[in-house]
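So you can see what is in the structure, the chains are spelled out below.
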Amino acid sequence: MNRQRGFLLFLIAVFGVFSTLLVKPFLQYVLAAILLGYILHPVQTRFESRVSARVSALSLIGLTTLVVIVPVGAIAVIAAQQAFTLVRAIVQGDPRFAELIAFVERYTGVTIHGRTLQELLPAGSSSRLIENAVGIFGGLSDALIGLTVMVFILYYLLTDGKEFVAWIRRCTPLPDDVQDELYSEMDRVMWGVLVGNLLVGIVQGILTGIGFVIAGVPGVVFWTVVTTVLSLLPLIGASVVWLPASLYLFLVDRPIAAAFLFVYGTLVVSLSDNYLRPLVSGHEAKLNPGILVVGIFGGVYVFGFMGLFFGPIVLGIFRSLLTVFAREYAE
């Protein structure tokens, strides 16, 4: 019996390695499908009571494509174009940025004028995040295959998600009450990170973008995306974007717009966090800010862009597993 069990475990390990190699090229899309499947699961459950599971899943995928994926893709393209425009303007010495560049050179000692972008970057300092972004969007054929994989996984997660969870429960050698606690804690972590933090980030990004439009800051879409991403980080938020923008407006001799953006950012953007987070406090993961920061940056390095969401989830679930083990099984 021990030999049979050992041989079976050996086969599981071998095919587990092969399965990992098969999934790795499409890891970004698999994680995106899991994220969308988790968010859409409550809607799928409600629709299943009126129509079949397959019709409901297909309808949700089509609606998600039109409402989420297409707009997000268009925003990403516009943001990338505006980012390149801003970089080119800075490198070429655009008069709009001359005062800001002079201010940076004066107080930081970093010489920007007369140097190329490559010279400004230390050797070997290219970000892993940029490499991952290029890996995701670099090849059109790879992107189409990845999107196809994501759609299929999302479809079967919506239609057969309950059966999949039930199969995992049967294969997990833990008591039902322990599994219930773990799944409940996992749900809290995923809700807090995917829904709670993401919702706050999107709202703060949109509010910042509205203020930039009114104040006349260039590259509004790009800065809105940057603000949304930075708002996921605790203790940082949107202020690292609108404060320098306010300084930029002041240096280019637009004091009224600078004062407006400063007041708007303080009273509207920053204070919105105090009103939004209590809305999700009932399902909040209550993760330490240090765990969130390590999870976000470490997740980006390990998982790519989707690590922004799944890095904190991995650490939060690990914390939950340790808590349950210490209470139930540690001597």
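Residues numbered from 1 in each chain as written. Predicted model: local features only at pLDDT ≥ 70, side-chain atom pairs only at ≥ 80, totals over all residues. Heavy atoms only, no water.

**A closer look at the overall build of the protein**
The criterion, for reference: Runs of E in the DSSP output that reach at least two residues are strands. Runs of H or I that reach at least four are helices, and both are numbered from the N terminus. Exposure classes here rest on a 1.4 Å probe applied to the protein chains alone. A residue is buried below 20% of its type maximum, exposed above 50%, and partly exposed in between. Contacts are assigned to residue pairs that have any heavy atoms within 4.5 Å of one another.
Helices and strands together make up the secondary structure of the protein, namely 13 helices and 0 strands. Start at the N end of the protein and walk to the C end: the helices and strands fall as α-α-α-α-α-α-α-α-α-α-α-α-α. Split into buried and exposed, the 331 residues of the protein put 32% on the buried side. Of all intrachain contacts in the protein linking residues separated by at least 6 positions in sequence, the fraction that spans at least 24 positions is 70%.

**What about the environment of Ala 245?**
One can find Ala 245 in helix H10 (residues 239-251). Separated by 27 residues in sequence, Ala 245 and Pro 218 have C-alpha atoms that sit 9.6 Å apart. Setting aside anything within four residues of it in sequence, one finds Ala 245 in contact with Phe 212, Val 217 and Leu 261.

**Points about the side chain of Ser 320**
Within the secondary structure, Ser 320 sits in helix H13 (residues 307-328). Residue Ser 320 is classed as buried on the basis of its relative accessible area of 6%. Residues in contact with Ser 320, not counting those within four places in the same chain, are Leu 182 and Glu 185.

**Regarding H13**
Let me state the cut-off plainly: By this rule the span expected of a helix is its residue count minus one, scaled by 1.5 Å.
Taking 1.5 Å per residue, 22 residues should reach 32 Å; H13 reaches 31 Å between its end C-alpha atoms and fits that length. Taken as a whole, H13 has its buried residues at Gly 307, Leu 308, Phe 309, Phe 310, Gly 311, Pro 312, Ile 313, Gly 316, Ile 317, Ser 320 and Val 324. Where H13 is buried, its residues contact helix H2 (27-48), helix H8 (176-215), helix H9 (220-230) and helix H12 (289-303).

**A few points about the confidence of the model for the protein**
To be explicit about the condition: As a per-residue measure, pLDDT tells how confident the predictor is, with possible values from 0 to 100.
With 79% of its residues at a pLDDT of 70 or more, the protein has an overall mean of 77. When pLDDT is averaged over each element of the protein, helix H1 (residues 2-23) comes out on top at 87 and helix H5 (residues 117-120) at the bottom at 45. Predicted confidence is poor over residues 114-129, with pLDDT under 50, and the contacts of this stretch with residues over four places away or in other chains come to 8 contacts. Throughout residues 133-138 the model reports pLDDT below 50, and contacts reaching past four residues in sequence, or to other chains, amount to 5 contacts.

**Side note on the packing of H12 against H13**
A pair of packed helices can be characterised by two numbers: the angle between their axes and the separation between those axes. This is how it is decided: A fitted line through C-alpha atoms represents every axis, and for helices the fit uses only the stretch in contact; the resulting angles, taken between N-to-C directions, go from 0 to 180 degrees. For this classification, under 35 degrees means roughly parallel, over 145 means roughly antiparallel, 65 to 115 means roughly perpendicular, and everything else is oblique. Should the near helix be turned anticlockwise from the far one by less than a right angle, the crossing is left-handed, and should it be turned clockwise, the crossing is right-handed. For this classification, the nonpolar set comprises Ala, Val, Leu, Ile, Met, Phe, Trp, Tyr, Cys and Pro, the charged set comprises Asp, Glu, Lys and Arg, and every other residue, Gly included, is treated as polar.
Two elements in contact, H12 and H13, have axes whose closest approach is 7 Å; the angle formed by their N-to-C orientations is 120 degrees. Between H12 and H13, the angle is such that the two are oblique. As H12 runs across H13, the sense of the crossing is right-handed. Residues Ile 291, Leu 292, Val 294, Gly 295, Ile 296, Gly 299, Val 300 and Phe 303 of H12 pack against Gly 307, Leu 308, Phe 310, Gly 311, Pro 312, Val 314 and Leu 315 of H13. Looking at side-chain class alone, the contact of H12 with H13 contains 11 nonpolar, 4 polar and no charged residues.

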